[in-house]
Amino acid sequence: MSIQAYSEKASCERLLSVHRWTDKLLSFRTTRPAGYRFTAGQFARLGLEVDGEMVSRAYSITSAEDADVLEYYAIIVPGGQFTTRLDALQPGDPVWVEKLSYGFMTADRFTDGRQLWMMATGTGLGPYVSILQQPEVWRRFDDLVVVHGVRQREELTYIEQFEALRRQAGEQGWPARLHMLRCVTRETDLPPGEGLLAGRITTLLRDGLLEQVVGLPMSLEQTRVMACGNPEMVTELRELLRERGMTPLRRTGGGQFVTEDYW
């Protein structure tokens, strides 16, 4: 798409900073367009100029809804047209942000239940970083369970941020309890005492280990589930939840889980 055509639906913002978790994982911040609105859990579509044309991709927003800047969580795809350019950006460079936000994987869609399980692989963690910065989700649920699956320990991110949110909740008197489960698939010699689990999220769920570690059995009445990440994980998780009698959340009401494919 031409830059002129894209400018009709996007705002030209500026890159503020980049935080590199690994050589392939990074978080980056941009200025926020005037009047830009989103609901925690949604994603933005961003545009970069590549060889005179505009190339756009979707990225989950990890910022709080009322933050002055927008933060995103990304994986660098080797040879990828967009991420190769993204990886080379410097603070001050232009990043186009489309004026609308997208997505339906938001916690406010659940109207009942007391436990919110948030399962993710890789950068699918991003929406939950935003969701857990919203005080209302801590007041709405009794237990918030984040399950993050990665291949290697170095890919476990936002650890300090989640701990800071836990402390903030205590200081503010927000009633929900935050449980963090981190699952690693390609390392079996995990250090004890760090709360790490060896195995895939779906395997650990099928075996009952996730519920055992947290001490919260899932139920149709109380458990609500969000899943975001690798499409294979999401597909398998849907089937496991259906086997338990759960159904997808619908706009007309009812259902216990909502999912989104995300790499």
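Placed above this text is the structure.
What counts, and at which threshold
Residues numbered from 1 in each chain as written. Predicted model: local features only at pLDDT ≥ 70, side-chain atom pairs only at ≥ 80, totals over all residues. Heavy atoms only, no water. Pairing = 2+ DSSP bridges. Helix = DSSP H or I, 4+ residues; strand = E, 2+ residues; numbered from the N terminus. Axes fitted to C-alpha atoms, helices over the stretch in contact; angles between N-to-C directions. Buried < 20%, exposed > 50% of the residue type's maximum accessible area, 1.4 Å probe, protein only. Disulfide = S-S within 2.5 Å. Contact = heavy atoms within 4.5 Å. Phe/Tyr/Trp six-rings, centres within 6.5 Å; stacked < 30°, edge-to-face > 60°. Lys NZ or Arg CZ within 6 Å of the ring centre and 35° of its normal. Salt bridge = Lys/Arg side-chain N within 4 Å of Asp/Glu carboxyl O.

### A closer look at the sheet that holds strand E4 (residues 53-60)
The strand order E4-E3-E6-E1-E2-E5 describes an open sheet built from six strands, whose pairing is antiparallel. Each of the sheet's edge strands pairs with one partner strand only, and the pair in question is E4 and strand E5 (69-75). Going from strand to strand, the sheet's axes swing by 40 degrees on average, the running direction of each strand aside.

### Structural notes on the environment of Glu163
Position of Glu163 among the secondary structure elements: in helix H5 (residues 159-172). Residue classification places Glu163 among the partly exposed positions, given a relative accessible area of 27%. Linking Glu163 and Leu178, residues 15 residues apart in sequence, is a C-alpha distance of 9.1 Å.

### A word on the state of the cysteines
In the structure shown here, the tally under the stated rule is zero disulfides. Sulfur of Cys183: no disulfide; nearest cysteine sulfur belongs to Cys228 and is 15 Å away. The exposure class of Cys183 is buried, given its relative accessible area of 0%. Exposure remark for Cys228: the relative accessible area of 0% places this residue in the buried category.

### As for the sheet that holds strand E12 (residues 257-261)
The six strands lie next to each other as E10-E9-E8-E7-E11-E12, forming an open sheet whose pairing is parallel. The two strands at the open ends of the sheet, each matched to only one other strand, are strand E10 (196-198) and E12. On average, adjacent strands in this sheet sit at an angle of 15 degrees to one another, irrespective of strand direction. Across five bridges, strand E11 (residues 223-229) lies against E12 in parallel orientation. What sits directly across from Met226, in E12, is Val258. Most of the contacts of H5 go to strand E9 (residues 177-184), to which it runs at about 165 degrees, and overall it touches strand E8 (143-150) and E9.

### A look at the packing of aromatic side chains
Within the structure shown, the criterion is met by nine aromatic pairs. Here Phe28 and Tyr59 contribute two aromatic rings whose centre-to-centre distance is 6.1 Å and whose plane-to-plane angle is 80 degrees, an arrangement assigned as edge-to-face. Residue Phe28 is located in strand E2 (residues 25-31), and its partner Tyr59 is located in strand E4; the two are separated by 31 residues in the primary sequence. Pair check on accessibility: Phe28 and Tyr59 agree, each one buried. Taken together through their ring pairs, the aromatic side chains of Phe28, Tyr59, Tyr72 and Phe82 make up a single cluster. Here the guanidinium or amino end of Arg140 rests over the ring plane of Phe141, the centre of that ring lying 4.4 Å away.

### Describing unusual backbone geometry
With a phi angle near 55 degrees, Asp51 is a residue other than glycine that sits in the positive phi range. Position of Asp51 among the secondary structure elements: in the loop between strand E3 (43-50) and E4. A residue is classified by how much of its surface remains accessible, and Asp51, at 77% relative accessible area, is exposed. Residues other than glycine seldom take positive phi values, yet Tyr158 does so here, at roughly 60 degrees.

### Observations concerning the pattern of salt bridges
Throughout the structure, instances matching the rule amount to 14 salt bridges. The partner of Asp261 in a salt bridge is Arg238, and the shortest N-O contact between them spans 3.8 Å. With Asp261 in strand E12 and Arg238 in helix H8 (residues 231-243), this pair connects stretches of sequence that are 23 residues apart. On the basis of relative accessible area, Asp261 is assigned to the partly exposed category, the value being 41%. Through salt bridges that share partners, Lys9, Arg45 and Glu98 make up one connected network.

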